[in-house]
Amino acid sequence: MEGLRRAALAEDAVRYRFFAAAGAGGEALLRRCAETIVVRLAPLLSAYVWQRQPFRLSYIPAHIGGTTLFGDNVEDEWFIVYLVREITREFPGLAARIDDNDGEFLLIEAADFLPKWLNPENSDNRVFFYKGELHIIPLAETDEEECDPWAASPTISQALTLLASRSEEFLAAEPIRTAVYKRISGYPEKIQDSFHRAHCYLPAGIVAVLRQRPSLVAPAVQAFYLRDPVDLRACRSFQTFPPDERVMTVVTFTKCLYAQLVQQKFLPDRRSGYTLPLPSHPQYKAYELGMKLAHGFEILCSKCSKASPHSKRNALSGPLWERFLSSLKEKHYFKGEMEGSAKYLELLHMAEDYFQQSVTKPEGSVEVNPGDEILALLQTTPIDLKELEREAACLPPEDDDSWLEITPDDLDKMLKEARNESYPSSSEEERKYELEAVAESMKAFVSKVSTHEGAEMPWSSDESHVTFDVDSFTKALDRILGADSEELDSDDLDEEQEFDFSDEDDEDFDAENQREDEKVSPNELIGSLKSYMNEMDRELAHTNVGKSFTTQKKAASSVNATASQNTGPDSGAEDPELTPVDVDMNLVANLLESYSAQSGLAGPTSNILQSMGVYLPENADRIGSDKGATG
């Protein structure tokens, strides 16, 4: 168990592991839970369509768990998170870890609310689901009561012992739990929302196969979606699914599978026999979907192995299947349906499919190719073409697929909803576009300390102000410029070549500088610094640089600004030229100018301000001009 460190995972794969909490029963508990979980999840998972691989538990010494490839459908990964949480809720003696190829993706989801000490280097074996709640084991307190961000991660044994004895202390902070739980909210009802039912014009053999194994639609779509020229050779003749006997049917996809199938442009080989009607035909989409799906099934069958087609069927005649079926009956899985009825057989086929996908497999067992299973089903399933044609005459309506298209307005609405969820206090009713808030936010951002990991964004303008030690600053500046920095000139740099500084001279020089520091008061150093600044102001006053800034006098009164301009540059008054610059006004003016130049698109100004929770209103002048141009 101590060697269970983060191993390399395949891309788009999620790993889940369940451990017996310290003193909770060990191996006996894990073995008992493994069989019980399979039965408990059967009603939920028997109708679920996985993108690549199903949720499957197997017993491994010291824990039970598995790895699932979720492919392009990230919802499969978050559905597994929901399952893991529910399992730990129903089995309080289990603690669960879950990660993927990105690492602790639960922490990534709640990245805005994590404590500063938590980083990828020390997060291993700290994040657990226990008793249905998310827990994070903190760093051990040092003698100085400070957290070492580079501390080693605990072992699994240490983490389980802490969870069993002090789980209340390690409950993740409420914002972290809220961010994670929000991502898995809506299950199990959300499963039905992930489906899309569409009409497809398919060969009768495929319709019969899908009646027995609805989940085979996923590998068929993947086979078509990831096809290559070699795969398409098998689709020239269609030996398994010729287009002669096709019927209209309803196929249940996930939205991800449906999008993959419908969005690809594809024309069949003329030798295949598959033809499409004109695009204006009312059932053109059903013909096209059926043609693509038939290509996927044909590709799967062309890759079938030489293994016995009955190898997978034999799994349903063993003692493990008998115990599984008996447990389903005890849990009222068949909902009182009479054995042999159509509804009973439908539920039985779903249970068989789920058992063959998710049941614990013996070590060394060979994974059956989907093409082998399809061929086996074709041999054992009767095909009544007339019955299928009668059913095609009264099909239920297909689902609306308008969700595939997102208008710019829909996208803006989605972004606003996400923004309001991230910043509840910045709703339209409460948000006030005050320029002072913009200036203060930028000041807070500039005042933050950045590291090699990037700049730290201030999330609230209510944070304490940055302290500034004048004495330390002036002493440090004086050490850089030298004690006699007022008399320093660029020509003095050439004279350094005439001096030979030895180690002894350096020590004397440092001692002399230290004595000079003790003699010069902070007030004198500040006065020296101010003299430099004043001299720079006088030099810049005779250039055009100062004219690009708004001064405090101009910002305070436009009347005074006009009067100042009427005096002219030769009035002899030096004070107006040296009027202090209004930093806030220049900052806001430049930000607004940059924001306006973005023309409603993403840009540096909006990105920086939004990262700090500050949102500027839309440019009404630009919107009005756009409407005028189009009108």
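Definitions and limits used
- Here, residues in each chain are numbered from 1, in the same order as that chain's written sequence.
- Only residues with pLDDT of at least 70 get local features here, since the model is predicted, and only at 80 or more are side-chain atom pairs given and counted; chain-wide, interface and lining totals rely on the full set of residues.
- Just so you know, side-chain values use all the structure's heavy atoms and leave hydrogens and water out.
- Two strands are counted as paired when DSSP detects at least two bridges linking them.
- The way it works is that DSSP assigns letters per residue, a run of H or I at least four long becomes a helix, a run of E at least two long becomes a strand, and they are numbered from the N terminus.
- Each axis is a line fitted through C-alpha atoms, and for a helix only the stretch in contact is used; angles between axes span 0 to 180 degrees, taken between their N-to-C directions.
- Burial classes follow relative accessibility: with a 1.4 Å probe on protein chains only, a residue under 20% of its type's maximum area counts as buried, one over 50% as exposed, and anything between as partly exposed.
- Residue contacts are counted whenever heavy atoms from the two residues lie within 4.5 Å of one another.
- Cavities and pockets are defined on a 1 Å grid built over the protein atoms alone: a cavity is a set of grid points where a 1.4 Å probe fits but cannot escape, while a pocket is an open set with protein on both sides within 12 Å along at least five of seven lines, and lining residues are those with an atom within 4 Å of any such point.
- Grid points are joined across faces, edges and corners, and a volume is the space filled by probe spheres set on the points.
- In this classification, Asp, Glu, Lys and Arg are treated as charged, Ala, Val, Leu, Ile, Met, Phe, Trp, Tyr, Cys and Pro as nonpolar, and every other residue, Gly included, as polar.
- A patch consists of residues exposed above 30% relative accessible area that lack any salt bridge, with like charges linked at up to 9 Å and nonpolar side chains (Val, Leu, Ile, Met, Phe, Trp, Tyr) linked at up to 5 Å.
- Under the convention used here, a 1.4 Å probe and the Shrake-Rupley method define accessible areas, while residue burial counts only the protein chains that appear.
- One side-chain nitrogen of Lys or Arg within 4 Å of one carboxyl oxygen of Asp or Glu is enough to make a salt bridge.

Per an unreviewed UniProt entry, the recorded name for the chain is ECD protein, and the organism is Nycticryphes semicollaris.

## Re the sheet that holds strand 2 (residues 58-60)
Judged by pairing direction, the sheet is antiparallel, and its six strands sit side by side in the order 2-3-1-4-5-6 without closing on themselves. The sheet terminates laterally at strand 2 and strand 6 (133-136), the two strands that pair on one side only. Each neighbouring strand pair of the sheet contributes to a mean axis angle of 30°, computed without reference to strand direction. Strand direction decides the pairing type here: strand 5 (residues 127-130) and strand 6, joined by four bridges, are antiparallel. Paired with Phe129 across the bridge in strand 6 is Leu134.

## Some thoughts on helix 10 (residues 255-262)
Most of helix 10 is tucked away: six of the eight residues are buried. Taken together, the buried positions of helix 10 are occupied by Cys256, Leu257, Tyr258, Gln260, Leu261 and Val262. Elements in contact with the buried residues of helix 10: strand 7 (195-203), helix 8 (217-225), strand 8 (246-254) and helix 11 (284-302).

## Details of empty space enclosed by the protein
Under the defined criterion, the tally for this structure stands at four cavities of 30 Å³ or more. When its volume is computed, the second largest cavity comes out at roughly 50 Å³. At five residues, helix 13 (residues 342-358) tops the list of elements feeding residues into the lining of the second largest cavity. Classifying every residue of the lining of the second largest cavity by side-chain character gives six nonpolar, three polar and one charged.

## Structural notes on the pairing of strand 8
Burial within strand 8 is extensive, with seven of its nine residues counted as buried. As paired strands, strand 7 and strand 8 are joined by nine bridges and run antiparallel to one another. Within strand 8, the residue paired with His199 across the bridge is Val250.

## What to know about a nonpolar patch on the surface
Together, Leu540, Val545, Phe549, Val581 and Val583 give the surface a local cluster of nonpolar side chains, amounting to about 400 Å² of exposed area. Here Phe549 shows up in the loop between helix 21 (522-541) and helix 22 (552-556).

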